[in-house]
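The chain contents come next:
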Amino acid sequence: MSKIKAVFDGEVFRPSEPIELEPNTIVEIEIETVNMPESQEVSFFDVVESLNLEGPSDWAKNLDKYLYGLESDEEG
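Residues numbered from 1 in each chain as written. Predicted model: local features only at pLDDT ≥ 70, side-chain atom pairs only at ≥ 80, totals over all residues. Heavy atoms only, no water.

Asks: Give me the lowdown on the overall build of the protein, citing residues and values where you can.
Replies: Summing up its helical and strand segments, the protein has 2 helices and 2 strands in all. Listing the helices and strands of the protein from first to last along the sequence gives β-β-α-α. A burial count over the protein gives 3% of its 76 residues as buried. Split by element, the accessible area of the protein, about 8200 Å² in all, is 52% carbon and sulfur. (Helix = DSSP H or I, 4+ residues; strand = E, 2+ residues; numbered from the N terminus. Buried < 20%, exposed > 50% of the residue type's maximum accessible area, 1.4 Å probe, protein only. Areas by Shrake-Rupley, 256 points an atom, 1.4 Å probe, with all protein chains shown as cover.)

Spelled out as structure tokens, the structure:
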């Protein structure tokens, strides 16, 4: 007996990794829901930080300047 992990997308189960079965093979599935380990949960900020984006250090303060060529209200 093999054990695989899959995600149910609302219509079908999608295996999390490749499965070595011939197409149209009939299988019997026993369903057990599992919680995603906290170590696999990723926040938006973790994703942004992992992108290693480069830009000027004053990007947030002078956004209009960089996007539209406008000078900011505050200088310095």
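Asks: Please set out the environment of Val7 residue by residue, giving values where relevant.
Replies: Secondary-structure assignment places Val7 in strand S1 (residues 6-8). Residues Val7 and Thr33, 26 residues apart in the sequence, show an inter-C-alpha distance of 9.7 Å. For Val7, the contacting residues outside a window of four places in its chain are Val12, Phe13, Arg14 and Ser16. (Contact = heavy atoms within 4.5 Å.)

Asks: Give a detailed account of the environment of Pro18, specifying residues and quantitative values.
Replies: Relative to the helices and strands, Pro18 resides in the loop between strand S2 (13-15) and helix H1 (44-50). Considering only alpha carbons, one finds Pro18 and Ile4, 14 residues apart in sequence, at a separation of 9.4 Å.

Asks: Outline unusual backbone geometry, supporting the account with residue identities and numerical values.
Replies: The backbone of Asn24 shows a phi angle near 70°, a positive value even though the residue is not glycine. For Asn24, a relative accessible area of 79% corresponds to the exposed category.

Asks: Requested: an account of the packing of aromatic side chains, with residues and values cited.
Replies: Scanning the entire structure with this criterion turns up 3 aromatic pairs. Judged by centre distance (5.4 Å) and plane angle (75°), the rings of Phe44 and Phe45 are edge-to-face. Phe45 shares its class with Phe44; the two are exposed. Ring centres 5.6 Å apart and planes at 20° place the aromatic pair Trp59 and Tyr66 in the stacked group. (Phe/Tyr/Trp six-rings, centres within 6.5 Å; stacked < 30°, edge-to-face > 60°.)

Asks: Tell me what's going on with the pattern of salt bridges, and back it up with residues and numbers.
Replies: Applying the stated criterion across every chain, the model contains 1 salt bridge. In this structure, Asp9 engages Arg14 in a salt bridge whose closest nitrogen and oxygen atoms are separated by 3.1 Å. Relative accessible area serves as the criterion here: at 43%, Asp9 is assigned to the partly exposed category. (Salt bridge = Lys/Arg side-chain N within 4 Å of Asp/Glu carboxyl O.)

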